[in-house]
Amino acid sequence: VDGQILYRLFDAVGWSKPRSATPTRHTKIDGISNHTLYLDCPHESDFLEKTFQASTAIYVAQVNREIVGVVRVLSDSFQRSLIYDLVVSPDFQGQGIGSALLTRCLQEFAHTQLTLGTATPTMPFYERLGFVRSANYLELPTEAY
């Protein structure tokens, strides 16, 4: 997937904020850390494209040949899989696109333990598809990008 298209999607849903931006109280409580909640790179960067290229699987939703949604999976393909960056353009949200993308991940990686992280407002979406909340998710904040 082209990095410019990815950046536009991330920007459209508010995920392209600098790491230095102070998160709201809600975000501090809800998120693991600021750098995992927001993309901190200029749209000219190939960062997003590289992260998607390094993924195990990428699923794309198109409407009239325009990419309107995307999700990626990192997996060892045997035991564990992580779902990352499910994003749907705001103009196309509420039409089942996110559910279809996530269902594709669930079908392709059903033989593995599937994990994802999300904020409280979107938890019901994932719970409707069978995910169960866990309080044991940890992260080591880094300056990776």
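Cut-offs used in this document
Residues numbered from 1 in each chain as written. Predicted model: local features only at pLDDT ≥ 70, side-chain atom pairs only at ≥ 80, totals over all residues. Heavy atoms only, no water. Helix = DSSP H or I, 4+ residues; strand = E, 2+ residues; numbered from the N terminus. Buried < 20%, exposed > 50% of the residue type's maximum accessible area, 1.4 Å probe, protein only. Phe/Tyr/Trp six-rings, centres within 6.5 Å; stacked < 30°, edge-to-face > 60°. Lys NZ or Arg CZ within 6 Å of the ring centre and 35° of its normal. Pairing = 2+ DSSP bridges. Axes fitted to C-alpha atoms, helices over the stretch in contact; angles between N-to-C directions.

## As for the environment of Ala110
Inspection of the secondary structure puts Ala110 in the loop between helix 5 (97-108) and strand 4 (113-115). Using a relative accessible area of 58% as the deciding quantity, one classes Ala110 as exposed.

## A word on the packing of aromatic side chains
Using the criterion set out here, one finds 3 aromatic pairs in the structure. Ring centres of Phe10 and Phe52 lie 6.4 Å apart, and the angle between their planes is 75°; this geometry places the pair in the edge-to-face category. One end of the pair, Phe10, is in helix 1 (residues 3-12); the other, Phe52, is in helix 4 (residues 47-53), and 42 residues separate them in sequence. The same class applies to Phe10 as to Phe52, namely buried. When the centroid spacing of 4.9 Å and the interplanar angle of 80° are considered together, the rings of Phe125 and Tyr126 count as edge-to-face. Of the aromatic side chains, those joined through ring pairs into one cluster are Phe125, Tyr126 and Phe131. If you follow Arg72 out to its NZ or CZ, it ends over the ring of Phe52, 5.3 Å from the centre.

## Looking at the sheet that holds strand 4
In space, the 4 strands of this open sheet follow the order 1-2-3-4, with mixed pairing throughout. Among the strands making up the open sheet, the edge pair consists of strand 1 (57-63) and strand 4. Taking the axes of each pair of neighbouring strands and ignoring which way they run, one obtains an average angle of 25° across the sheet. The pairing of strand 3 (residues 80-88) with strand 4 spans 3 bridges and is classified as parallel.

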